[in-house]
Amino acid sequence: MKRDEMKYDEADLRVIENSGRFDANESIFFARQLEYVKSQTYDVKRIQLNALTLMPVSTEIPEGATTHTYRQYDSVGMAKVISNYANDLPRADVVGKEFTSVIRSLGNAYGYNVQEIRSAMFAGINLSGKRAMAATRAQQELVNKLAFSGDADHNLPGLLNNANIPEVTLAADGTGSSKTFAAKAADKIVRDVNALINKVITQSKGVHRVSEVWMPVEQYALIATTQNSTASDTTILEFLQKVHPGVTFRQVVELDGAGASGADRMYAIENSRENWQLEIPMMIKQYSPQQQGLEFVIPVESRFAGVIIEYPLAFAFADGI
């Protein structure tokens, strides 16, 4: 985009003009540059951060909210054979526990000093957008970290620190009494993955069905490249996909060392917005520049409420793989 074709934000322009640091042309130049830089931050491709792509994202909570209350549900009750005039019908119901999580602001900033702005105008070049991109990337990385690990100090729930998700204890029958996939034969790896998938089905009485299995990169690579048996050219992954046609197997780098005592962790999930959401009340927002001496600082903010899991029985995890 050419400089004279760029639009500019009127709020930015007013702040710059009121600073008294620039003449009219320089003020308009800087306002246009900021508009260009801010839009540029969303165009740069980076290494994928899995939370925003794998987790159902919700922005339904208003930006001004300070807390969010949600419920975790479980079904209870039974049925029985009854007579024609029965009046003692057993009751079925849904019971829930209420949880309240706080909503936190995440923030950082970037900026330019007045000489950098004048030099860019003199040379007829755009201001570098790398600082804005770095600020945006830092926000995204923090959201990703909090989505997976949460933050107990700030009462922000994540996937890994959710105490209500059931655990499957894997057999330590690999080489050297190890649980790791690398120490186990193919049939035992298949057994472990099947156990995790079946755990979701049995613990929920068939209400939930696994749609995705997440595992660390190393274990995914192992099952994708290791023969299921010496009599077959099918890999472990291909065999699992055949046995579980509705399940997608994913490599998720955030699960490396994510378990207890730094063990690698694996999840089976019915990945649906009905079961859980990554709550982000306010996506990344860049504000008008604020003058601080001979520098203009652009604050960057987002709002984060954590990972809300209403139906923990739709999940199961296993450590030590």
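The model shown is predicted, which means the values in this text are computed figures rather than measured ones.

Trainee: Give a description of the overall build of the protein chain that names residues and reports values.
Mentor: Check the secondary structure of the protein chain and you find eight helices and 13 strands. Buried positions account for 45% of the 321 residues belonging to the protein chain. Total accessible area on the protein chain is roughly 16900 Å²; 49% of this is exposed by carbon and sulfur atoms.

Trainee: Would you mind going over unusual backbone geometry in detail, with residue names and values included?
Mentor: In this structure, Ser177 is a non-glycine residue whose phi angle is positive, near 55°. With respect to the helices, strands and loops of the structure, Ser177 is situated in the loop between α5 (130-149) and α6 (186-203). Although it is not a glycine, Ser261 sits at a positive phi angle of roughly 60°.

Trainee: Hey, could you go over the side chain of Asp12 for me, with residue numbers and the actual values?
Mentor: By secondary structure assignment, the location of Asp12 is in helix α1 (residues 10-19). Side-chain polar atoms of Asp12 contact the side chain of Ser288, separated by 2.9 Å.

Trainee: Kindly report on the sheet that holds strand β5 (residues 212-215), identifying the contributing residues and their values.
Mentor: Strand order across the open sheet formed by four strands is β6-β5-β7-β13, with mixed pairing between neighbours. Among the strands making up the open sheet, the edge pair consists of β6 (248-251) and β13 (315-319). For this sheet, the mean inter-axis angle between neighbouring strands, taken without regard to orientation, is 15°. Summarising the sheet, β5 and β6 pair through four bridges and their orientation is parallel. Across the sheet, residue Glu212 finds its bridge partner in β6, namely Thr248.

Trainee: How would you explain helix α7 (residues 217-225) if you had to name every residue and give the values?
Mentor: Of the residues making up α7, those classed as buried are Gln219, Tyr220 and Ile223. The arc that holds the buried residues of α7, viewed along the axis, is 100°, so those residues lie on one side. Facing away from the buried side of α7, by more than 90 degrees, are the exposed residues Glu218 and Thr225. For α7, the secondary structure elements touched by its buried residues are α6, β5, α8 (236-243) and β6.

Trainee: Explain the sheet that holds strand β1 (residues 57-58) residue by residue, including any values.
Mentor: With respect to topology, three strands assemble into an open sheet ordered β1-β8-β12, the strand pairing being mixed. With partners counted over all chains shown, the strands left at the sheet margins are β1 and β12 (306-309), one partner each. When β1 meets strand β8 (residues 276-279), the two strands line up parallel, connected through two bridges. By the bridge assignment for β8, Val57 is matched with Leu278.

Trainee: Before we move on, can you summarise the nonpolar core with the specific residues and values?
Mentor: Ranked by internal contacts, the top residues of the largest apolar core, which has 28 residues, are Met55, Leu159, Trp214, Tyr267 and Trp276. The element that contributes the greatest number of residues to this core is α5, accounting for four residues. Among all residues touching Trp276, those that are not within four sequence positions of it are Met55, Pro56, Leu159, Trp214, Ile269, Asn271, Val307, Ile308, Ile309, Glu310 and Phe315. Core analysis: the next-biggest nonpolar cluster, separate from the first, contains 25 residues, Phe181, Val200, Val213 and Ala268 among them.

Trainee: Outline the pattern of salt bridges, listing residues and values.
Mentor: Pairing is possible between side chains that carry opposite charge, provided their charged atoms lie close to one another. Counting across every chain of the model gives twelve salt bridges. Linking Lys184 and Asp192 is a salt bridge whose minimum nitrogen-to-oxygen distance equals 2.6 Å. For the pair shown, Lys184 and Asp192 are each scored as buried. A single network of salt bridges, built from pairs that share partners, joins Asp173, Lys184, Arg191 and Asp192.

Trainee: Give a detailed account of a negative patch on the surface, specifying residues and quantitative values.
Mentor: A cluster of acidic residues, Asp9, Glu10, Glu17 and Glu35, forms a negative patch at the surface. Secondary-structure assignment places Asp9 in the segment before α1. By relative accessible area, which is 31% here, Asp9 ends up partly exposed.

Trainee: Give a detailed account of the environment of Val190, specifying residues and quantitative values.
Mentor: One can find Val190 in helix α6. The class of Val190 is buried, set by a relative accessible area of 8%. C-alpha separation for the pair Val190 and Leu237, spaced 47 residues apart in sequence, amounts to 8.8 Å. Filtering out sequence-adjacent residues up to four positions away, Val190 remains in contact with Asn228, Ile236, Phe239 and Leu240.

What counts, and where the lines are drawn
- Residues numbered from 1 in each chain as written.
- Predicted model: local features only at pLDDT ≥ 70, side-chain atom pairs only at ≥ 80, totals over all residues.
- Heavy atoms only, no water.
- Helix = DSSP H or I, 4+ residues; strand = E, 2+ residues; numbered from the N terminus.
- Buried < 20%, exposed > 50% of the residue type's maximum accessible area, 1.4 Å probe, protein only.
- Areas by Shrake-Rupley, 256 points an atom, 1.4 Å probe, with all protein chains shown as cover.
- Polar contact = N/O pair within 3.5 Å; in protein donor to acceptor, adjacent residues only side chain to side chain.
- Pairing = 2+ DSSP bridges.
- Axes fitted to C-alpha atoms, helices over the stretch in contact; angles between N-to-C directions.
- Arc of directions from axis to C-beta.
- Contact = heavy atoms within 4.5 Å.
- Core = buried A, V, L, I, M, F, W, Y, C linked by side-chain atoms within 4.5 Å.
- Salt bridge = Lys/Arg side-chain N within 4 Å of Asp/Glu carboxyl O.
- Patch = residues over 30% accessible without salt bridge, like charges linked within 9 Å, V, L, I, M, F, W, Y side chains within 5 Å.
- Lys, Arg positive; Asp, Glu negative; His and termini not counted.
- Charge placed at Lys NZ, Arg CZ, Asp CG, Glu CD.

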